[in-house]
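Chain and residue survey
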Amino acid sequence: MPEAKFTPPAHAGNWQVASARQESQSIPEGPLTLPPRSDSTSGAPRDRVLRARQPRPAPSRGRSPQPGRPHPALGQLGVSQLLATQRTQLRPKYSLAMSAAEEAGVFHRARGRTLDSFSSEKEREWKGPFYFIQGADPQFGLMKAWATGDCDNGGDEWEQEILLAEQAVQAINKLNPKPKFFVLCGDLVHAMPGRPWRKEQTEDLQRVLRTVDRDIPLVVVSGNHDVGNVPTPETIAEFQRTWGDDYFSFWVGGVLFLVLNSQFLYDASRCPALKQEHDHWLDQQLRTARQRTCRHAVVFQHIPLFLRSIDEDDDYFNLTKALRKEMADKFVEAGIKAVFSGHYHRNAGGTYRNLDMVVSSAIGCQLGKDPHGLRVVVVTAEKIVHRYYSLDELNEKGIEDDLMDLLKEN
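Residues numbered from 1 in each chain as written. Predicted model: local features only at pLDDT ≥ 70, side-chain atom pairs only at ≥ 80, totals over all residues. Heavy atoms only, no water.

1. A short note on the packing of helix H9 (residues 272-290) against helix H10 (residues 321-334)
Applicable threshold: Axis definition: a line fitted to C-alpha atoms, limited for helices to the stretch in contact. Angles are taken between N-to-C directions and run from 0 to 180 degrees. Helix and strand labels come from DSSP, where a helix needs a run of H or I of at least four residues and a strand needs a run of E of at least two; each type is numbered from the N terminus. It only takes one pair of heavy atoms within 4.5 Å for two residues to be counted as in contact. Lys, Arg, Asp and Glu make up the charged group, whereas Ala, Val, Leu, Ile, Met, Phe, Trp, Tyr, Cys and Pro make up the nonpolar group; the residues left over, Gly among them, are polar.
Where H9 meets H10, the closest approach of the two axes is 8 Å, and the angle between their N-to-C directions is 35°. Where H9 abuts H10, its residues Leu-282, Asp-283, Leu-286, Ala-289 and Arg-290 lie against Met-327, Lys-330, Phe-331, Glu-333 and Ala-334. Its residues placed into classes, the contact of H9 with H10 shows 6 nonpolar, no polar and 4 charged.

2. What about the packing of aromatic side chains?
Which entries qualify depends on this criterion: Stacked, edge-to-face and tilted labels apply to pairs of Phe, Tyr and Trp rings (six-membered ring for Trp) whose centres lie within 6.5 Å, assigned for plane angles under 30 degrees, over 60, and everything in between, in that order. When a residue's accessible area, from a 1.4 Å probe over protein chains only, is under 20% of the maximum for its type it is buried; when over 50% it is exposed; and in between it is partly exposed. When the NZ atom of lysine or the CZ atom of arginine is within 6 Å of a ring's centre and also within 35 degrees of its normal, the charge is said to sit over that ring.
On inspection of all chains with the given rule, the structure shows 18 aromatic pairs. Plain terms: the ring middles of Phe-132 and Phe-340 are 5.9 Å apart, the flat faces sit at 80° to each other, and that makes the pair edge-to-face. In this pair, Phe-132 is assigned in strand S2 (residues 130-135) and Phe-340 in strand S8 (residues 338-341), connecting sequence segments 208 residues apart. Overall, Phe-340 belongs to the buried group, its relative accessible area being 0%. Note on Phe-317 and Tyr-344: the rings are 5.1 Å apart at their centroids and 70° apart in plane angle, and the pair reads as edge-to-face. Taken as a pair, Phe-317 in the loop between strand S7 (296-300) and H10 and Tyr-344 in the loop between S8 and strand S9 (348-352) lie far apart in primary sequence, 27 residues in all. Both residues of the pair, Phe-317 and Tyr-344, count as buried. Ring-pair connections join several aromatic residues into one group, and the members of that group are Phe-118, Phe-132, Phe-181, Phe-248, Phe-250, Phe-257, Phe-300 and Phe-340. Over the aromatic face of Tyr-247 sits the side chain of Arg-113, whose NZ or CZ is 3.7 Å from the ring centroid. Over the face of the ring belonging to Tyr-344 we find Arg-346, whose NZ or CZ atom lies 4.0 Å from the ring centre.

3. As for the environment of Cys-151
Secondary-structure assignment places Cys-151 in the loop between helix H3 (142-148) and helix H4 (159-174). In this structure Cys-151 comes out as buried when scored by relative accessible area, which is 4%. Each C-alpha atom, one on Cys-151 and one on Ala-191, is 9.2 Å from the other, the two residues being 40 residues apart in sequence.

4. Looking at the pairing of strand S12 (residues 384-390)
Which entries qualify depends on this criterion: Between any two strands, pairing holds if DSSP finds at least two bridges.
For S12, the buried fraction is high: 7 of the 7 residues fall into the buried class. Here S12 shows no split at all, with Ile-384, His-386, Tyr-388 and Ser-390 on one side and Val-385, Arg-387 and Tyr-389 on the other all buried. When strand S11 (residues 373-379) meets S12, the two strands line up antiparallel, connected through 7 bridges. By the bridge assignment, Val-379 is partnered in S12 with Ile-384. Two successive antiparallel strands, S11 and S12, enclose a turn made up of 4 residues.

5. Quick notes on the pattern of salt bridges
Applicable threshold: In what follows, salt bridge is the name for a side-chain nitrogen of Lys or Arg lying within 4 Å of a carboxyl oxygen of Asp or Glu.
Per the counting criterion, the structure on display carries 14 salt bridges. Between Glu-238 and Arg-198 there is a salt bridge, with its nearest N and O atoms 2.8 Å apart. Note that Glu-238 is positioned in helix H7 (residues 233-243) and Arg-198 in helix H5 (residues 198-209), a separation of 40 residues in sequence. Since its relative accessible area comes to 22%, Glu-238 is described here as partly exposed. Ionic pairing is found between Arg-353 and Asp-329, a salt bridge with its closest N-O pair at 2.9 Å. Taken as a pair, Arg-353 in the loop between S9 and strand S10 (355-359) and Asp-329 in helix H10 lie far apart in primary sequence, 24 residues in all. By relative accessible area, Arg-353 is classed as partly exposed at 45%.

6. Here we look at the sheet that holds S10
Taken in spatial order, the 6 strands line up as S5-S6-S7-S8-S10-S9 in an open sheet, and their pairing is mixed. Each having just a single partner strand, strand S5 (248-252) and S9 make up the two edges of the open sheet. On average, each strand axis in the sheet is tilted by 15° relative to the strand beside it, whichever way the strands run. By the bridge criterion, 4 bridges tie S8 to S10 in an arrangement that is parallel.

7. A word on the environment of Arg-124
Turning to its location among the elements, Arg-124 is positioned in the loop between helix H2 (100-104) and S2. Residue Arg-124 is classed as partly exposed on the basis of its relative accessible area, which comes to 38%. In the structure, Arg-124 is positioned 129 residues away from Gly-253 in sequence and 6.1 Å away in space, judged by C-alpha atoms. Residue contacts for Arg-124: discarding those within four places in its chain leaves Trp-251 and Gly-254.

8. Describing the pairing of strand S6 (residues 255-259)
Among the 5 residues of S6, 5 are classified as buried, and the element is accordingly described as predominantly covered. Every second residue of S6 is oriented toward a common face, with Val-255, Phe-257 and Val-259 on one face and Leu-256 and Leu-258 on the other, all of them buried. Pairing of S5 with S6, which is carried by 5 bridges, proceeds in the antiparallel orientation. Paired with Phe-248 across the strands is Val-259, a residue of S6. Inspection of the sheet shows S6 paired to S7 by 5 bridges, in the parallel sense. Its bridge partner lying in S7, Phe-257 is registered against Val-298.

9. Structural notes on a negative patch on the surface
This is how the line gets drawn: In this analysis, a patch consists of residues with relative accessible area above 30% that form no salt bridge, clustered at 9 Å for like charges and at 5 Å for the nonpolar side chains Val, Leu, Ile, Met, Phe, Trp and Tyr. Computed with the Shrake-Rupley method and a 1.4 Å probe, the accessible areas treat only the protein chains shown as cover for residues. Under the convention used here, Asp and Glu are negative, Lys and Arg are positive, and both His and the chain ends fall outside the count. Every charge is mapped to an atom, namely NZ of Lys, CZ of Arg, CG of Asp or CD of Glu.
A cluster of acidic side chains, namely Asp-401, Asp-402, Asp-405 and Glu-409, defines a negative patch on the protein surface. Tracing the backbone shows Asp-401 in helix H12 (residues 401-407).

Here it is in structure tokens:
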């Protein structure tokens, strides 16, 4: 894949507001060169695979990059992470085995198309401002794969992703008051279904997520690396066993949240019946939102509807133009305020008919110039406000007074 040239939107590091009265957002001008869509199950364009298939040794879980072949992304880590990297030989590695009891305690899985962390009856009533944390693309294994130019077979090391995920969890656990939940918008690990190291990457990620404060529920969104670029009933079933339902809804503080499986929107040719069920469910949820019984309605999905403009060209990182317009119109008519996504590994976004499309960069491998980070999202009675923080910034300084002031609003 040729390196993408991207001019970060002006709002990437600033507060943004999604409200019914929002004016059209100013979309930055500048070159944006993106890779073609891919038919490969790796999620990378075919011209990104630069190395021939070769037998590989067993994965080195937690192994630092080999001398003379550092990860380009290493320079983006904070000082604390660089020191931690130097101590990798001293820190204990995660055990390969996870007991059933330990695994069950990692998080509450979505079942029955809802999340049991929240009572739908109690949470339907507006109780005042709150906030949540959005992250995306921890994607254990991508840093090594991207550095070697072999996204199909190169993800056999993921120490840096472990460190970054640990730093993200540490930052979230420090926050006071606590966020209502932490949502991960897909691409949890790099290895596709059926590929080497998927089990090991998943176990290590679950080990890290197990340390999230128990009072902060985890919301998991499926990405293309989680269910495959072209999902099948088997890959969907595997995701459900490991992480929970691939699409569901839940209520928090009078706000309706919808978690979609965007791979059904990308290519459902191998599971048309599952897509039909997903679409039927979504129509039902949008009818609920349209009744305006909720204070706001928000969508989480992995693939963005668009990166900067509803009329931009089709690309690997967005949905096709015809489909994105159809979906965006449905969302607007139902009163959806914002769509939060990942997938792009860079910050981006725009507005269409008062619908805020928010594209957050990655916890893991960066494909642009943004820092590894998380997005803080504040929900008030009238608006949804969000800001992207680097992991270092959130760990060292926490969230700013702006957030505290918004949380005090009645």
